[in-house]
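# Structural characterization, general
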Amino acid sequence: MKKNFLLTLLIILLSTFPLSVHAQNISAPFITYGTTEEGVTYQIYGEILSTTANSVTVTRSIVYDGNVTPTLTLSWTENIDGSSYSGTLRLINSRYNESANQTTATYYGTLYKK
């Protein structure tokens, strides 16, 4: 089930287009949005922290509607400047904002060029 969720999340990330949404005070640029197979909507924000010829170090903040328990790691694939990168991101912070009814999970890691 966890692999199906992650696979579905990656497919959604690669196949959706940005939409105007708001989240919990996130200063990073908006990347995309989607809905999990469980019906939970989310938005993704992030920054590229450093790059080399074959890798990028990134943060990704996922804002879920509702009180969600995020996974400790995510298998992540995305296109950056026309190249495909993938790797494992690890959870560095998670918080629930009761007034907004949103959970923000922030992940960090290095993605490697395929």
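What this report covers is the structure whose coordinates are included nearby. (Residues numbered from 1 in each chain as written. Predicted model: local features only at pLDDT ≥ 70, side-chain atom pairs only at ≥ 80, totals over all residues. Heavy atoms only, no water.)

### Observations regarding the nonpolar core
Let me state the cut-off plainly: Joining through side-chain atoms within 4.5 Å is the link that ties buried Ala, Val, Leu, Ile, Met, Phe, Trp, Tyr and Cys residues into a set, and such a set is a nonpolar core. Categorising residues by exposure relies on relative accessible area from a 1.4 Å probe, with only protein chains included: less than 20% of the type maximum marks a residue as buried, more than 50% marks it as exposed, and the intermediate range marks it as partly exposed. Secondary structure elements follow DSSP: runs of H or I of four or more residues count as helices, runs of E of two or more count as strands, with numbering from the N terminus. Here, residues are in contact when the closest pair of their heavy atoms is within 4.5 Å.
Core analysis: the largest hydrophobic core is formed by 14 residues, its most contacted members being Val-56, Ile-62, Trp-76, Leu-89, Tyr-107 and Leu-111. Of all the secondary-structure elements, those providing two or more residues to this core are strand E2 (41-51), strand E3 (55-65), strand E4 (73-80), strand E5 (83-97) and strand E6 (102-113). Here this core takes 4 residues from E3, the largest share from any one element. Setting aside chain neighbours within four positions, we find Ile-62 in contact with Tyr-42, Gln-43, Ile-44, Leu-74, Trp-76, Thr-103, Thr-104, Ala-105 and Tyr-107.

### Thoughts on the packing of aromatic side chains
To be explicit about the condition: Centre distance within 6.5 Å is the pairing criterion for rings of Phe, Tyr and Trp, where only the six-membered ring of Trp is used; planes under 30 degrees apart are then read as stacked, over 60 as edge-to-face, and the remainder as tilted.
Tallied over the full model, the rule gives 2 aromatic pairs. Seen from their ring centres, Phe-30 and Tyr-45 are 5.4 Å apart, and the 70 degrees between their planes marks the pair as edge-to-face. Of this pair, Phe-30 sits in strand E1 (residues 30-35) while Tyr-45 sits in strand E2, and the two are 15 residues apart along the sequence. With a relative accessible area of 26%, Phe-30 lands in the partly exposed category.

All we've got here are geometric facts, nothing functional implied.
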